[in-house]
Amino acid sequence: MDTPSELFENNELHEEIKEAMNKSQEEGAAKIMELLDQQKNTPLNIAITGECGSGKSTFVNALRGLSDDDENSAPTGPIETTKKATLYTHPKYPNVKIWDLPGIGTTKFPAAKYLEHVEFQKFDFFIIISDTRFRENDVKLAHEIQRMKKKFYFVRSKIDNDLHMEQKKKGFNEEETVSKIRNNCIEGLQNEGLESPQVFLVSSSEPHKYDFSLLGETLEKQLPAHKRNALLLAMPIINLEIIGKKKEIFQGRIKYYAAQAVICPVSTILKDVTREYQAGFGLDCESLQKLADSIGLPLSDLEAVMKYPLADNEKFMAVFTDILSLSARSASVAVGEKLNIFSAIGFVGSTALSCCSTHYNINRLLDMFVDDAQRVFTKVLDHVAAKP
Ligand SMILES: Nc1nc2c(ncn2[C@@H]2O[C@H](COP(=O)(O)OP(=O)(O)OP(=O)(O)O)[C@@H](O)[C@H]2O)c(=O)[nH]1
Ligand SMILES: [Mg+2]
């Protein structure tokens, strides 16, 4: 069972909440919301750089879960050269900022000057993209980034193109080709003096394939803990594991929302988390439509696999009401478990009970969305795999 300090991550937070709670339960709840807001606003700044035409802007769009022709996407194409650092905010998580930087070769600056020019201090890490072997400029930049004690990752882009070309040759083997490209990139970097470099092979048009997931996992592991959630929530859904990781983050936040029951009607809280989960799992109408378009399926085919198709508002509201009445009956069991946690930070009587049952209801909602996100993603994968 959670202890109070586990509930609010560490004793320091626990103390802050208790202090506010000493004034009133309302102040305590407001403090808890303030802490949640701080978590949600953790900034993450990602720099994307590389030579002209290497696929930077397309990669920026893939990271933001957008296709190249979406409104607000980064302009891409053979002549759409990125000449100055351009900021692209994540469409659902404005704290996540992706910077499309001009390639070092286009600025004529030496690596150190280039980094100064793009204000390297503000970036959490750099992604250096190339659609061929990495060149002298890329390596010089990597050395300089290292000297500035920042992290960088090499991404070899447009892997789909390479495979498409190789496919035409006799005896084609995808795994072998991928491994050849990887080794070629690694050897090139080693020859330029980089020790044990890691290269991620990526197709921005098929992010669920190749090394896109591995890149995400690597970034996640190497980021400081407080930035990790920002990255994970912003990651597009490219595999089932990401759905699970997003679920964990949302689960960790339920207690904050539940505490809000002290100062806010439960229905408002549930509507807020519903919106957050829909956006987080790409189940809002706009995201679903985009997804359907991107794989050439009618929206109704995706909705058909969902248990709670949200476009059908009336049906959804009926399910919502049903969940609430059902959970009211079974909540009493769960309430017992969580009660001492909320009581431990100072919520008492009916207030603590209300927090507990809200906690239970939000959990139910989250499970519901996770289930549908898994169904939709599986449908997408099946559809893509069945394509000739
Ligand atoms: N097949 C395929 N094409 C890609 C991929 N990434 C980029 N492209 C194409 O490569 C071309 C250049 O991509 P951009 O993303 O505009 O490249 P960039 O690095 O931003 O280019 P500049 O801003 O001019 O330096 C475009 O026609 C993209 O559609 C990919 O992963 N697969
Ligand atoms: Mg560009």
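Residues numbered from 1 in each chain as written. Chains lettered and ligands numbered in written order. Predicted model: local features only at pLDDT ≥ 70, side-chain atom pairs only at ≥ 80, totals over all residues. Heavy atoms only, no water.

- Within an unreviewed UniProt entry, the label attached to the chain reads IRG-type G domain-containing protein, and the organism entered is Astatotilapia calliptera.
- We quote the UniProt Sequence similarities (unreviewed entry) comment for the chain here in full: "Belongs to the TRAFAC class dynamin-like GTPase superfamily. IRG family." (UniProt positions renumbered as here; feature names shortened; annotations may be inferred.)

**Side note on the overall build of the chain**
Link 1 in the chain: For the chain, the helix and strand inventory stands at 17 helices and six strands.
Link 2 in the chain: Out of the 388 residues belonging to the chain, those deemed buried represent 47%.
Link 3 in the chain: Of all intrachain contacts in the chain linking residues separated by at least 6 positions in sequence, the fraction that spans at least 24 positions is 68%.
Link 4 in the chain: Carbon and sulfur atoms form 50% of the exposed surface of the chain, whose accessible area is close to 18,900 Å². (Helix = DSSP H or I, 4+ residues; strand = E, 2+ residues; numbered from the N terminus. Buried < 20%, exposed > 50% of the residue type's maximum accessible area, 1.4 Å probe, protein only. Contact = heavy atoms within 4.5 Å. Areas by Shrake-Rupley, 256 points an atom, 1.4 Å probe, with all protein chains shown as cover.)

**Re the packing of helix α10 (residues 212-222) against helix α11 (residues 225-234)**
Link 1 in the chain: Running from amino to carboxyl end, α10 crosses α11 at an angle of 160 degrees, the nearest separation of the two axes being 8 Å. Taken together, α10 and α11 sit at an angle that is classed as roughly antiparallel. For α10 against α11, the interelement crossing comes out right-handed. For the pair α10 and α11, the contacting residues are G216, L219, E220 and K221 in the first and R228, L231 and L232 in the second.
Link 2 in the chain: Partitioned by chemical class, the residues of the contact of α10 with α11 number three nonpolar, one polar and three charged. (Axes fitted to C-alpha atoms, helices over the stretch in contact; angles between N-to-C directions. Parallel < 35°, antiparallel > 145°, perpendicular 65-115°, else oblique. Left-handed = near helix turned anticlockwise from the far one by under 90°. Nonpolar A, V, L, I, M, F, W, Y, C, P; charged D, E, K, R; others polar.)

**What about the sheet that holds strand β5 (residues 151-156)?**
Link 1 in the chain: Read across the sheet, six strands follow the order β2-β3-β1-β4-β5-β6 without closing on themselves; strand pairing throughout is mixed. The strands lining the two open edges of the sheet, one partner per strand, are β2 (86-89) and β6 (199-201). Adjacent strand axes in the sheet meet at a mean angle of 25 degrees, parallel and antiparallel pairs treated alike.
Link 2 in the chain: Here five bridges tie strand β1 (residues 44-50) to strand β3 (residues 96-100), and the two strands are oriented parallel to one another. Opposite A47, over in β3, you have W99 as the bridge partner. (Pairing = 2+ DSSP bridges.)

**A word on helix α13 (residues 266-280)**
Link 1 in the chain: Along its 15 residues, α13 runs 21 Å from first to last C-alpha, staying within 8% of the 21 Å computed at 1.5 Å per residue.
Link 2 in the chain: Just beyond α13, the residue with positive phi is G282, at close to 65 degrees. (Expected span 1.5 Å × (residues − 1).)

**Things to note about the nonpolar core**
Nonpolar side chains tend to gather and get buried jointly when the protein is soluble and globular.
Link 1 in the chain: Formed by 80 residues in total, the largest nonpolar core has its most connected members in I46, I48, F59, I127, Y277, F281 and F347.
Link 2 in the chain: Looking at which domains feed residues into this core, each of domain 1 (4-40 + 240-386) and domain 2 (44-231) gives three or more.
Link 3 in the chain: The residues contacting F281, other than those within four sequence positions of it, are I237, I243, K246, K247, F250, L366, F369, V370 and A373.
Link 4 in the chain: With 29 residues, the next largest nonpolar core counts F123, L141, I186 and L189 among its residues. (Core = buried A, V, L, I, M, F, W, Y, C linked by side-chain atoms within 4.5 Å. Domains from an automatic or database assignment.)

**Brief notes about the packing of aromatic side chains**
Link 1 in the chain: According to the stated counting rule, one finds nine aromatic pairs in the structure shown.
Link 2 in the chain: Relative to Y277, the ring of F250 lies with its centre 4.9 Å away and its plane at 55 degrees, an arrangement referred to as tilted. Of the two residues, F250 sits in helix α12 (residues 240-259) while Y277 sits in helix α13, which places them 27 residues apart along the sequence. Comparing F250 with Y277 shows no difference in burial state: the two are buried. (Phe/Tyr/Trp six-rings, centres within 6.5 Å; stacked < 30°, edge-to-face > 60°.)

**Here's the deal with the side chain of T42**
Link 1 in the chain: Topologically, T42 is positioned in the loop between α3 (25-40) and β1.
Link 2 in the chain: The class of T42 is buried, set by a relative accessible area of 10%.

**Overview of the pairing of β2**
Link 1 in the chain: As paired elements, β2 and β3 share four bridges and run antiparallel to each other. Within β3, the position partnered with T89 by the bridge is K97.
Link 2 in the chain: Connecting β2 to the next strand, β3, in antiparallel fashion are six residues.

**Brief notes about the side chain of T358**
Link 1 in the chain: Positionally, T358 belongs in helix α17 (residues 349-386).
Link 2 in the chain: Of the residues examined, T358 reaches a relative accessible area of 0% and is grouped as buried.

**With respect to α12**
Link 1 in the chain: Under the 1.5 Å per step criterion, the end-to-end length of α12 is 30 Å for 20 residues, consistent within 8% with the ideal 28 Å.
Link 2 in the chain: At R253, α12 shows its maximal kink, close to 35 degrees.
Link 3 in the chain: Taken residue by residue, α12 has I242, I243, K246, I249, F250, R253, I254, K255, Y256, Y257, A258 and A259 as its buried positions.
Link 4 in the chain: Sitting at the head of α12, N239 places a side-chain oxygen 3.2 Å from the backbone nitrogen of E241. (Bend = angle between axes of the 7 residues up to and from the residue. Polar contact = N/O pair within 3.5 Å; in protein donor to acceptor, adjacent residues only side chain to side chain.)

**A word on unusual backbone geometry**
Link 1 in the chain: The backbone phi angle of N72 is positive, close to 70 degrees, even though this residue is not glycine.
Link 2 in the chain: By the secondary structure assignment, N72 is in the loop between α4 (56-63) and β2.
Link 3 in the chain: Phi is positive for K158, close to 55 degrees, though the residue is something other than glycine.
Link 4 in the chain: Here K158 shows up in the loop between β5 and α8 (159-167).
Link 5 in the chain: Accessibility expressed as a relative area gives 27% for K158, which makes it partly exposed.

**Thoughts on the pairing of strand β4 (residues 125-130)**
Link 1 in the chain: Within β4, six of the six residues are buried, which leaves the element mostly enclosed by the surrounding structure.
Link 2 in the chain: Residues F125, I127 and I129 line one face of β4 and the alternating positions F126, I128 and S130 line the opposite face, and both faces are buried.
Link 3 in the chain: By the bridge criterion, five bridges tie β1 to β4 in an arrangement that is parallel. Its bridge partner being in β4, I46 is matched across the sheet by F125.
Link 4 in the chain: Handedness of the crossover is the feature at issue here: the chain leaves β4, passes through helix α7 (residues 136-147), returns alongside β5, and the resulting connection is right-handed. (Right-handed = clockwise from strand over helix to strand, strands pointing away.)

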